[in-house]
Amino acid sequence: MTREEIENIVAMQKDFFLTGETLDVSYRLDSLKNLYTNIQVMQNEICEALYKDLGKSSTEAYMSEVGMVLSEIRYMIKHIKKFAKEKRVKTPIAQFCAKSFVKPSPYGVVLILSPWNYPFLLTMQPLVDAISAGNTVICRSSEHSPNVTRVMDKLIRRTFRKEHVYDVLGGVEESTMLLEQKVDYIFFTGSTRVGKIVLEKASENFVPVTLEMGGKSPCIVDKTADLKLAAKRIVFGKFLNCGQTCVAPDYLYCDESIKDELLKEVKRQVVLQYGLDPIDNELYGKMVNKKSYDLSMRHLKEDNILFGGRHDEERLKIEPTIIQANFDDLCMKEEIFGPILPVVTFSELDEAINFINANDAPLALYIFSSSKENEQKVIRNCKFGGGCINDTIMQIATHEMGFGGIGKSGMGAYHGKVGFDTFTHYKSIVDKKTWIDLPIRYQPYNSKKDKMIKMFMK
């Protein structure tokens, strides 16, 4: 796609936004309902594409992508009228006589740049929030999940007018040209490296951004934890989507006194959930491409594998693998986007807290414990985006809380009402009456006006 074509797309969407059609809540509702219907019609096609790109079973594809998007649409359809209403707020006596209100207003043209690991979910969920808020949207999904990208392009063309939602196909060149446009909001999900580029490009045109990135999300297990349940939930969260999840537990950080027992339970859960030979399990995913496969394989050495380690380069499969790690190992310095779980230990909980806080704030943090004191100590003292107590990744599966990072793991949040807010500018407005005009604020000032001003502004 040429620069001129991209400029024309942006101009087309700006012109459409200025017609005011997307300001009509009924137009937004119709768009959401059409999207919901078309996703249902194309569900098998979407799941098949997810299997081709990432090896996701139909159950996993629905649970972690399609079903979550449909749920977000239902939530917005139910609440959008309330979210879009003006809200009356209290007016100070000094403003007599007037009324004050906050008016939700869409930004305009939103650019959504989405990744390959949850390609359907991480394109469609912010899209749902953006159109619910009344914006037009340009989507740029990843070329590394080509089958899903093609199906989403078909879905978008079937559902929306191109001046409302447009899907730009291509690669890095198209993304770069899009970032150079004067859009009104940018929503990016991906790596911290690319997120930095997005932020720099956005700053050139003073475009507000949401950045959803990642980081090394710790999973702390103290000596009071229910180890069987902890292992079950850790294995689910870590090896879902073959470990290619931004909020997956990145490393297991456990009390040294329970390490052996915990690893015994983790190994047992891997077999229970994925079988004795996960490589041949059709319900277990694969790495998205050779580059991702090779990045994960760098962390496997002959002397550090505690469990697993088998792999098949031709099928891009790596079985769930546990490795022994040291803090100066590569696997403890960069995010692992694959089915490799390093294990490190602590002797005191404060030691774990200090280590986490000495590094970049992660997108997620998980603590398994039966001690309320320990749970609160970690949640209170560690800096991170969001997380769970005695579970993993479930913080993303709710409309009632925002999902987002902090520092290098991201900025801004979305999901549910928070998602609507992300793509909305709230105009603060004072409606002043004309039948009275108090003279005290006008020059010339004197001692009498001075006393009255101080009285009114108390």
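Here's what I pulled together on the structure shown here. (Residues numbered from 1 in each chain as written. Predicted model: local features only at pLDDT ≥ 70, side-chain atom pairs only at ≥ 80, totals over all residues. Heavy atoms only, no water.)

## Some words on the pattern of salt bridges
Taken as a whole and judged by the stated rule, the model has 25 salt bridges. For arginine 268, the salt bridge goes to glutamate 265, with nearest N and O atoms at 3.1 Å. With a gap of 3 residues between them, arginine 268 and glutamate 265 both fall in helix 10 (residues 259–274), about one helical turn apart. Residue class for glutamate 265 comes out buried when judged on its relative accessible area of 9%. It is possible to trace a salt-bridge network through shared partners that takes in Arg3, Glu180 and Lys201. (Salt bridge = Lys/Arg side-chain N within 4 Å of Asp/Glu carboxyl O. Helix = DSSP H or I, 4+ residues; strand = E, 2+ residues; numbered from the N terminus. Buried < 20%, exposed > 50% of the residue type's maximum accessible area, 1.4 Å probe, protein only.)

## What to know about helix 10
The end-to-end C-alpha distance of helix 10, which contains 16 residues, comes to 22 Å, matching closely the 22 Å that a straight helix rising 1.5 Å per residue would cover. Taken together, the buried positions of helix 10 are Lys259, Leu262, Leu263, Glu265, Val266, Gln269, Val270 and Tyr274. Viewed along the axis of helix 10, the buried residues span an arc of 160°, placing them on a single side of the element. Along helix 10, the residues that are exposed and aim more than 90 degrees away from the buried face are Asp260, Lys264 and Leu272. Summarising the contacts, the buried residues of helix 10 are in contact with strand 8 (218–221), helix 9 (227–239), strand 9 (251–255), strand 10 (305–307), strand 13 (321–324) and strand 14 (340–346). Glycine 275 occupies a position one or two residues after helix 10 and carries a positive phi of about 85°. (Expected span 1.5 Å × (residues − 1). Arc of directions from axis to C-beta. Contact = heavy atoms within 4.5 Å.)

## A word on the nonpolar core
Ile39, Phe120 and Val221 are the most contacted members of the largest nonpolar core, which has 108 residues in total. In terms of residue count, helix 4 (residues 58–83) provides more of this core than any other element does, 10 residues in total. Setting aside its immediate chain neighbours within four residues, valine 221 contacts Leu227, Ile234, Leu252, Tyr253, Cys254, Asp255, Ile258, Leu262, Phe346 and Phe368. (Core = buried A, V, L, I, M, F, W, Y, C linked by side-chain atoms within 4.5 Å.)

## Things to note about the side chain of aspartate 329
Locating aspartate 329 in the fold gives a position in the loop between strand 13 and strand 14. Of the side chains with opposite charge, lysine 301 lies nearest to the buried aspartate 329, which makes no salt bridge, at 5.0 Å. A distance of 2.7 Å separates a polar side-chain atom of aspartate 329 from the backbone nitrogen of asparagine 326. (Lys, Arg positive; Asp, Glu negative; His and termini not counted. Polar contact = N/O pair within 3.5 Å; in protein donor to acceptor, adjacent residues only side chain to side chain.)

## Brief notes about the state of the cysteines
All chains considered together, the criterion is met by 0 disulfides. This cysteine, cysteine 219, is not joined by any disulfide, and cysteine 254 carries the nearest cysteine sulfur, 9.4 Å off. Given a relative accessible area of 0%, cysteine 219 falls into the buried group. (Disulfide = S-S within 2.5 Å.)

## Points about the environment of aspartate 255
Positionally, aspartate 255 belongs in strand 9. According to the relative accessible area criterion, aspartate 255 is buried, its value standing at 6%. With 127 residues separating them in the primary sequence, aspartate 255 and cysteine 382 have C-alpha atoms 17 Å apart. Once residues within four sequence positions are removed from consideration, aspartate 255 is found in contact with Val221, Asp222, Lys223, Phe346 and Ser347.

## Details of the packing of aromatic side chains
A complete count under the given rule lists 18 aromatic pairs for this structure. Seen in terms of ring centroids, tyrosine 107 and tyrosine 185 are 4.9 Å apart; in terms of plane orientation they differ by 50°. Their pairing is tilted. Taken together, the positions of tyrosine 107 in the loop between strand 2 (98–106) and strand 3 (109–113) and tyrosine 185 in strand 6 (residues 185–189) put the pair 78 residues apart, joining distant regions of the chain. We classify tyrosine 185 as buried; its relative accessible area is 5%. Note on phenylalanine 187 and tyrosine 414: the rings are 4.7 Å apart at their centroids and 80° apart in plane angle, and the pair reads as edge-to-face. Placement of the pair is phenylalanine 187 in strand 6 and tyrosine 414 in the loop between strand 17 (410–411) and helix 14 (416–422), with a sequence separation of 227 residues. The burial state of phenylalanine 187 is the same as that of tyrosine 414; both residues are buried. Following the ring pairs from residue to residue traces out a cluster consisting of Tyr107, Tyr185, Phe187, Phe403, Tyr414 and Phe423. The side chain of arginine 157 reaches across the aromatic face of tyrosine 166, ending 5.9 Å from its centre. The lysine or arginine in question, lysine 417, covers the ring of phenylalanine 83, its NZ or CZ lying 5.5 Å from the ring centre. (Phe/Tyr/Trp six-rings, centres within 6.5 Å; stacked < 30°, edge-to-face > 60°. Lys NZ or Arg CZ within 6 Å of the ring centre and 35° of its normal.)

## Remarks on the packing of helix 4 against helix 5 (residues 121–132)
Taken N-terminus to C-terminus, the directions of helix 4 and helix 5 make an angle of 5°; their axes are 9 Å apart at the nearest point. Put simply, helix 4 runs roughly parallel to helix 5. Of helix 5, the residues touching helix 4 (which contributes Ser64, Glu65, Met68, Val69, Glu72, Ile73, Met76 and Ile80) are Leu121, Met124, Gln125, Val128, Asp129 and Ser132. Of the residues that constitute the contact of helix 4 with helix 5, the class distribution is 8 nonpolar, 3 polar and 3 charged. (Axes fitted to C-alpha atoms, helices over the stretch in contact; angles between N-to-C directions. Parallel < 35°, antiparallel > 145°, perpendicular 65-115°, else oblique. Nonpolar A, V, L, I, M, F, W, Y, C, P; charged D, E, K, R; others polar.)

## Description of the sheet that holds strand 1 (residues 87–89)
Strand order in the open sheet formed by 3 strands is 1-2-18, and the pairing between neighbours is antiparallel. Edge strands, defined here as strands with exactly one partner in the open sheet, are strand 1 and strand 18 (424–432). Sheet twist, expressed as the mean angle between neighbouring strand axes with direction ignored, is 30°. Sheet topology note: the strand 2/strand 18 ladder contains 9 bridges and is antiparallel. Its bridge partner lying in strand 18, proline 106 is registered against threonine 424. (Pairing = 2+ DSSP bridges.)

## A few points about the packing of helix 9 against helix 10
At a closest axis distance of 8 Å, the pairing of helix 9 and helix 10 adopts a crossing angle of 55°. Looking at the two axes, helix 9 sits oblique to helix 10. The way helix 9 lies across helix 10 gives a crossing that is right-handed. For the pair helix 9 and helix 10, contact is made by Leu227, Lys228, Ala231, Lys232, Val235, Phe236 and Phe239 and by Glu261, Leu262, Glu265, Val266, Arg268, Gln269, Val270, Gln273 and Tyr274, respectively. (Left-handed = near helix turned anticlockwise from the far one by under 90°.)

## Here's the deal with the pairing of strand 8
Here strand 8 shows two buried faces, one formed by Pro218 and Ile220 and the other by Cys219 and Val221. Two elements, strand 8 and strand 9, share 4 bridges in a ladder whose sense is parallel. Pairing of isoleucine 220 across the sheet is with tyrosine 253, part of strand 9. After leaving strand 8, the chain enters helix 9 and then returns to the sheet as strand 9, a path that is right-handed. Strand direction decides the pairing type here: strand 8 and strand 15 (residues 364–368), joined by 3 bridges, are parallel. Its bridge partner lying in strand 15, valine 221 is registered against phenylalanine 368. (Right-handed = clockwise from strand over helix to strand, strands pointing away.)

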